[in-house]
Amino acid sequence: MKKRVNIITVVVLMALVGLVTYIITYSMVQRDFNQRVDTFSRHRQEWGPFYAALENIENRYIGGTDSLALMQGAIGGMVRATGDTWSYYYTPEAYRDFLDQQRNQYSGIGVYAEDGGGGIRLVEIMDKSPAEEAGLLAGDIITHVDDVAVADVGYDAAVGLVRGEEYTLVSLTVERPGEGTGSFIIDVMRREIVIDRVVSATIEQAGGKIGVVRVTGFNDHVDTEFIDKVGELLREGVQGLVLDVRSNGGGKLDVLVNMLDYLLPEGELITLRYWDGRVVTHSSGPDSVNLPMAVLIDDNSVSAAEFFAVCLQEYEWAVLVGEQTGGKGYAQEHLRLPDNSSLYLSTSEYVTSKGRSLADTGVTPDIELVLAAEERRHIGSMDPVLDRQLGRALQALSGR
């Protein structure tokens with residue numbers, strides 16, 4: 001009889017647990033549902049003009065409409081309306097191009113570029129690239145891609161148009177500032193571009209050999225390539241290092257941290273303050289590279305490139321030579337959308353080991369030296385005579 005009572009008690013308890021679990025789960029689901037309904041109702045009310053505009057465009061515009069183009073234009077407009085110049089909307093095609101570039105391989109013309117305010121400003125031309133062979137120069141501004149105005153479609157979409165299938169022609173309308181020749185058209189044959197993000201060389205000077213390492217992006221595998229290149233230079237017996245991150249558009253946080261960890265002694269490197277209140281600090285281990293160093297920066301050193309430089313500066317591990325950077329103090333992440341497009345949205349803020357934000361302030365070099373537009377074409381040449389910033393960095397190292 002006692003055993004039967006125990007069984008009944010267990011069954012009753014299990015039923016109660018199940019009921020309580022159901023009530024809690026139901027309450028949570030109901031609360032989430034109500035929140036979603038409230039949010040939808042609020043958006044429907046606040047966005048009434050948007051839906052009215054969409055209805056009028058779809059039903060009354062005489063020229064006909066493309067629903068996909070309208071949706072993508074609306075999303076892009078929302079991102080631009082945040083006022084954050086570092087947040088973007090990537091269409092599915094543009095996002096695929098971005099992933100290809102992160103893998104350091106894509107089909108295009110072989111240039112490093114930046115938003116030129118209505119045009120694509122060419123910052124650097126890759127060696128032996130289709131762009132170099134066609135006669136494009138650093139400083140050129142592309143205003144039209146196959147008769148599509150860059151100002152009409154925006155920088156990111158225009159860059160996507162420049163890329164395309166290998167062995168196809170792209171027609172570029174180009175302006176060359178300072179020459180007064182007006183615009184002209186250059187046809188360029190697209191090819192597969194394999195980006196060598198890390199390049200090294202040695203330069204002989206009175207104090208011994210100096211290793212120069214140029215890094216053009218903090219993309220996949222760049223950290224291992226960088227460590228390998230610096231290791232080779234150390235084995236060659238270099239007396240100092242010049243680390244060149246000019247015209248570097250940044251990249252991945254983990255790549256940045258790994259490179260700094262290799263160079264710097266133990267301590268805090270960088271802190272991220274996230275949108276939800278989380279604070280994450282990245283630190284370096286005890287091993288370091290103990291050589292005189294200089295870092296080359298310019299106004300096109302962005303994001304991870306800026307923090308690479310400022311961390312070495314704050315540790316007093318390197319002297320910075322070049323130009324004030326722009327100040328990209330926010331970190332972005334890709335938020336995938338249902339159609340495989342992506343929001344590249346600022347979701348956290350970088351802070352240096354000394355608690356500084358670089359947002360809108362940037363990094364100030366220890367030795368300021370601004371290059372003229374013509375001189376910028378020699379960035380990456382590894383020639384200290386043509387590249388005055390490199391020459392000044394070598395001079396600074398000789399004094400250390």
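Presented here is a report on the structure given in the accompanying data block.

Here is what the cut-offs are and how they apply
Residues numbered from 1 in each chain as written. Predicted model: local features only at pLDDT ≥ 70, side-chain atom pairs only at ≥ 80, totals over all residues. Heavy atoms only, no water. Helix = DSSP H or I, 4+ residues; strand = E, 2+ residues; numbered from the N terminus. Expected span 1.5 Å × (residues − 1). Buried < 20%, exposed > 50% of the residue type's maximum accessible area, 1.4 Å probe, protein only. Arc of directions from axis to C-beta. Contact = heavy atoms within 4.5 Å. Salt bridge = Lys/Arg side-chain N within 4 Å of Asp/Glu carboxyl O. Core = buried A, V, L, I, M, F, W, Y, C linked by side-chain atoms within 4.5 Å. Phe/Tyr/Trp six-rings, centres within 6.5 Å; stacked < 30°, edge-to-face > 60°. Lys NZ or Arg CZ within 6 Å of the ring centre and 35° of its normal.

Structural notes on helix α8 (residues 222-235)
- Compared with an ideal rise of 1.5 Å per residue, which puts 14 residues at 20 Å, α8 spans 20 Å between its outermost C-alpha atoms and is within 8% of the ideal.
- Burial in α8 covers these residues: Val222, Asp223, Phe226, Val230, Gly231 and Leu233. Around the axis of α8, the buried residues are gathered within 165° of arc, so they sit on the same side.
- Downstream of α8 by a residue or two, Gly237 has a phi angle that is positive, lying close to 85°.

So, the environment of Gly326
- Position of Gly326 among the secondary structure elements: in the loop between β16 (319-322) and β17 (330-336).
- Note on Gly326: relative accessible area 49%, which makes it partly exposed.
- Through-space distance from the C-alpha of Gly326 to that of Ala359 is 8.4 Å; in sequence the pair is 33 residues apart.
- Ignoring anything within four residues of it in the chain, the contact list for Gly326 reads Asp299, Ser301, Glu306, Asp360, Thr361 and Gly362.

Concerning unusual backbone geometry
- The residue His221 is not glycine, and still its phi comes out positive at about 70°.
- Checked against the element boundaries, His221 lands in the loop between β11 (208-215) and α8.
- Using a relative accessible area of 55% as the deciding quantity, one classes His221 as exposed.

Quick notes on the pattern of salt bridges
- The final tally for this structure, using the stated rule, is 14 salt bridges.
- We note a salt bridge from Arg356 to Glu314, for which the minimum N-O separation is 3.2 Å. In this pair, Arg356 is assigned in the loop between β18 (342-352) and β19 (367-368) and Glu314 in helix α10 (residues 304-314), connecting sequence segments 42 residues apart.
- Via salt bridges that share partners, Glu124, Arg214, Asp244, Arg246 and Asp387 belong to a single interconnected network.

Observations concerning the nonpolar core
- Core analysis: the largest hydrophobic core is formed by 43 residues, its most contacted members being Leu243, Phe308 and Leu312.
- Every element with two or more residues in this core is listed here: β11, α8, β12 (240-244), α9 (253-263), β13 (267-274), β15 (293-297) and α10.
- The element best represented in this core is α10, accounting for eight residues.
- Not counting residues up to four positions away in its chain, the partners in contact with Leu312 are Leu243, Leu260, Leu263, Leu264, Met293, Val295, Trp317 and Ala318.

Notes on the packing of aromatic side chains
- Tallying each qualifying case throughout the model produces seven aromatic pairs.
- Ring centres of Phe50 and Tyr51 lie 5.5 Å apart, and the angle between their planes is 80°; this geometry places the pair in the edge-to-face category.
- Each ring, one from Tyr88 and one from Tyr344, has its centre 6.0 Å from the other, and the planes form 5°; the classification is stacked. Taken together, the positions of Tyr88 in strand β1 (residues 88-90) and Tyr344 in strand β18 put the pair 256 residues apart, joining distant regions of the chain.
- Relative accessible area serves as the criterion here: at 16%, Tyr344 is assigned to the buried category.
- Grouped by ring-pair contacts, the aromatic residues Tyr88, Tyr90 and Tyr344 constitute a single cluster.
- Here the basic side chain of Arg278 rests over the ring of Tyr274, its NZ or CZ set 4.1 Å away from the ring centre.

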